[in-house]
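Given next are the chains, with one letter for each unit.
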Amino acid sequence: PVSRRGAPHPGKHLPVKPTFTTGNSSHEWFSSEPTARSSSAMQVDTVNVKARMDSSGVLTLHERGTAMKNFVLWERDKLRQKLKVIDIRWKKVGDTMASELSTLTKQCMNLTTIDLSDNYIGDSGCREISAAISKHGALQKLNLSGNRIGDLGAATISTMLMMNKTLTELDLSGNDLNKMGIQGIGGGLRTNVGLVSLKLVENFFGDDGAVELGWALTYNSTLQNLHIRSNDISNAGAAMISSGVQRNSSLRSLDIGDNEISDRGATSFADALSNNTVLRHLDLTLNDIGSDGKDALLDAVDFTSWSEPMGDEFKLALAMGLHPRLGGESPLHNIAIVPPNHFKKGLLSGKKLSPADKTALVRSERNAKVEATGPPPLSELSPDSPLLMALTYCVHRRARQILFD
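Residues numbered from 1 in each chain as written. Predicted model: local features only at pLDDT ≥ 70, side-chain atom pairs only at ≥ 80, totals over all residues. Heavy atoms only, no water.

Our next topic: the overall build of the protein chain. The number of helices and strands found in the protein chain is 13 helices and 17 strands. A buried classification covers 49% of the 405 residues belonging to the protein chain. Long-range pairs, those at least 24 residues apart, make up 76% of the contacts in the protein chain with a sequence separation of at least 6. Surface summary for the protein chain: the accessible area is close to 18800 Å², and the carbon and sulfur share equals 52%. (Helix = DSSP H or I, 4+ residues; strand = E, 2+ residues; numbered from the N terminus. Buried < 20%, exposed > 50% of the residue type's maximum accessible area, 1.4 Å probe, protein only. Contact = heavy atoms within 4.5 Å. Areas by Shrake-Rupley, 256 points an atom, 1.4 Å probe, with all protein chains shown as cover.)

So this is what it looks like as structure tokens:
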């Protein structure tokens, strides 16, 4: 079997012949029958499924490609205390076993990572897993890519995103999420306060899904990395995504390559970058962008940048005039003060500081005591103090990375 892009689907291998494996003292063995646990050679077949937890707390199923039935974990007390990672990929888990694993997830409160990619998990299995994660207090990474999750499963993920506060990485690539599914996930993103990375590659939700994600970006304030490559997004969807990017204050990397975006969509992103100082990386490769769109993006690279706060020690040295080189020839040409003020003209690239600017920059209030332990309390400085301005607003300005063919 092949995926919709023509590449072999990793989760659809034929079953392999049962094999024998020798256990060792660094692993705990669990199976569908309590007498099967042993440190000697053990057979893996299509009925009695062996699970293994290594010394670092990683749970795996033995024998890739074996059909999984009647999966029950014994000695759960040990798992509750030790289990940190469930790494079960390409095992044809299905919805029934996903339900068993969801029960295990609820009991193992030290669990930080679950990878169930390429396992034929559908909406019902996704519902069980999402319910288990909703109130989990430690889980950080969840990978459900390459499964059969549709709009109903996405609705349960939406609820999970609204409730869970620890999950930082979610991968739903290669599923069957359409407009309604992305609408549900977008609704969860609007109120989510923890997710940092979201992958929705190869779901083919088109412009309708892109519209929902654009609205989600408008309200979300924590997501930093969004991957929506290969989703049949055209200029209309790109315009909505770029509108969300323009209003977003947290997104740093956006991969929207391998879609159907042309010059008009590229221009939308160029316009968005002029009002966004956070986005660092934009991937538009494998689209249909012509010369006009490329020129607009190159102009965005030349005239826009993203900002990054500097450390207090560097700010203090700058404000007190302690840095040995400060001026037009200085490597500090990427320093800026935001919001703009009368110091900005002397700190931008290609402009030297005037004597008055230098005097103002190094002057601090008479009652401001700069000690070795750190800068003075901000309450001791007047509102127009150069030191206060530097400590509050001084940032690095960096060039963006924009990729296109």
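Having seen the model, we can carry on.
The subject of this paragraph is the packing of helix α8 (residues 263-273) against helix α9 (residues 291-303). Between two packed helices, both the angle of their axes relative to each other and the distance between the axes serve to describe the pair. Interhelical geometry of α8 versus α9 gives an angle of 10° and a closest axis separation of 8 Å. Here α8 is positioned roughly parallel relative to α9, judged by the angle of their axes. Facing Asp263, Ala266, Thr267, Ala270 and Leu273 of α8, the residues of α9 in contact are Ser291, Asp292, Gly293, Ala296, Leu297 and Ala300. (Axes fitted to C-alpha atoms, helices over the stretch in contact; angles between N-to-C directions. Parallel < 35°, antiparallel > 145°, perpendicular 65-115°, else oblique.)

Quick look at the side chain of Asn220 now. Assignment of secondary structure puts Asn220 in the loop between α6 (206-219) and β11 (225-227). For Asn220, the side chain forms a polar contact with the main-chain nitrogen of Thr222, separated by 2.9 Å. In this view, Asn220 contacts Leu189, Asn192, Asn248 and Ser250; residues no more than four positions away in its chain are not counted. (Polar contact = N/O pair within 3.5 Å; in protein donor to acceptor, adjacent residues only side chain to side chain.)

We now examine the packing of α6 against helix α7 (residues 235-247). Interhelical geometry of α6 versus α7 gives an angle of 5° and a closest axis separation of 7 Å. With respect to α7, the axis of α6 lies roughly parallel. Along its contact with α6, which presents Asp207, Ala210, Val211, Leu213, Gly214, Trp215, Leu217 and Thr218, the element α7 presents Ala236, Gly237, Met240, Ile241, Gly244, Val245 and Arg247.

Time to look at the pattern of salt bridges. In the structure shown here, the tally under the stated rule is four salt bridges. The partner of Arg89 in a salt bridge is Asp87, and the shortest N-O contact between them spans 2.7 Å. Among the residues examined, Arg89 registers a relative accessible area of 42% and is labelled partly exposed. One salt-bridge network, in which partners are shared between bridges, spans Asp87, Arg89 and Asp115. (Salt bridge = Lys/Arg side-chain N within 4 Å of Asp/Glu carboxyl O.)

Take Gly194: it is sitting in the loop between α5 (179-191) and β10 (197-199). Placed 54 residues apart in sequence, Gly194 and Gln140 show a C-alpha to C-alpha distance of 9.2 Å. Every residue in contact with Gly194, bar those within four places of it in the chain, is listed here: Lys165, Leu167, Thr168 and Thr222.

Another aspect to go through is α9. An ideal rise of 1.5 Å per residue puts 18 Å on 13 residues; α9 measures up with 18 Å between its terminal C-alpha atoms. Burial in α9 covers these residues: Gly293, Ala296, Leu297 and Ala300. Taken around the axis of α9, the buried residues stretch over an arc of 95°, which confines them to a single face. Turned more than 90 degrees from where α9 packs its buried face, Ser291, Asp292, Asp302 and Phe303 sit exposed. Buried residues belonging to α9 abut α8 and β17 (401-403). (Expected span 1.5 Å × (residues − 1). Arc of directions from axis to C-beta.)

Moving on, we come to the confidence of the model for the protein chain. Per-residue confidence for the protein chain averages 74 on the pLDDT scale, and 60% of its residues sit at or above 70. In the model, residues 339-354 has pLDDT below 50 throughout and makes 32 contacts with residues more than four positions away in sequence or in other chains. Counted against residues more than four places away or in other chains, residues 357-375, with its pLDDT under 50, gives 35 contacts. (pLDDT = per-residue confidence, 0-100.)

On to a negative patch on the surface. On the surface, Asp292, Asp295, Asp299 and Asp302 cluster together into a negatively charged patch. The topology assignment puts Asp302 in helix α9. (Patch = residues over 30% accessible without salt bridge, like charges linked within 9 Å, V, L, I, M, F, W, Y side chains within 5 Å. Lys, Arg positive; Asp, Glu negative; His and termini not counted. Charge placed at Lys NZ, Arg CZ, Asp CG, Glu CD.)

Phi at Tyr120 takes a positive value of approximately 60°, unusual for a residue other than glycine. When you line up the elements, Tyr120 lands in the loop between β7 (113-115) and α3 (123-134). Here Tyr120 falls in the partly exposed class, since its relative accessible area comes to 22%.

In this structure, Leu200, Ile228, Ile241, Leu254 and Ile256 are the most contacted members of the largest nonpolar core, which totals 64 residues. Excluding its chain neighbours within four sequence positions, the residues that come into contact with Leu200 are Leu172, Ser173, Leu177, Ile182, Ile185, Phe205, Leu213, His227, Ile228, Arg229 and Asn231. (Core = buried A, V, L, I, M, F, W, Y, C linked by side-chain atoms within 4.5 Å.)

Turning to the side chain of Asn276, a few remarks are in order. Checked against the element boundaries, Asn276 lands in the loop between α8 and β13 (281-283). Under the relative-accessibility criterion, Asn276 is labelled buried at 4%. Polar side-chain contacts of Asn276 include one of 2.8 Å to the backbone nitrogen of Val278. With near-sequence residues (within four places) excluded, Asn276 lies in contact with Val245, Asn248, Ser305 and Arg400.

Moving on: the environment of Leu198. Turning to its location among the elements, Leu198 is positioned in strand β10. Along the backbone, Leu198 and Ile228 are 30 residues apart, and their C-alpha atoms lie at a distance of 8.6 Å. Each residue touching Leu198, except ones within four places of it in the same chain, is listed here: Leu170, Ile185, Leu189, Leu223, Asn225, Leu226 and His227.

Let us now look at the environment of Met109. Note that Met109 resides in the loop between α2 (94-107) and β7. A sequence separation of 30 residues divides Met109 from Leu139, and the C-alpha atoms of the two residues are 8.1 Å apart. Those residues in contact with Met109, other than ones at most four positions away along the chain, are Arg80, His136, Gly137 and Ala138.

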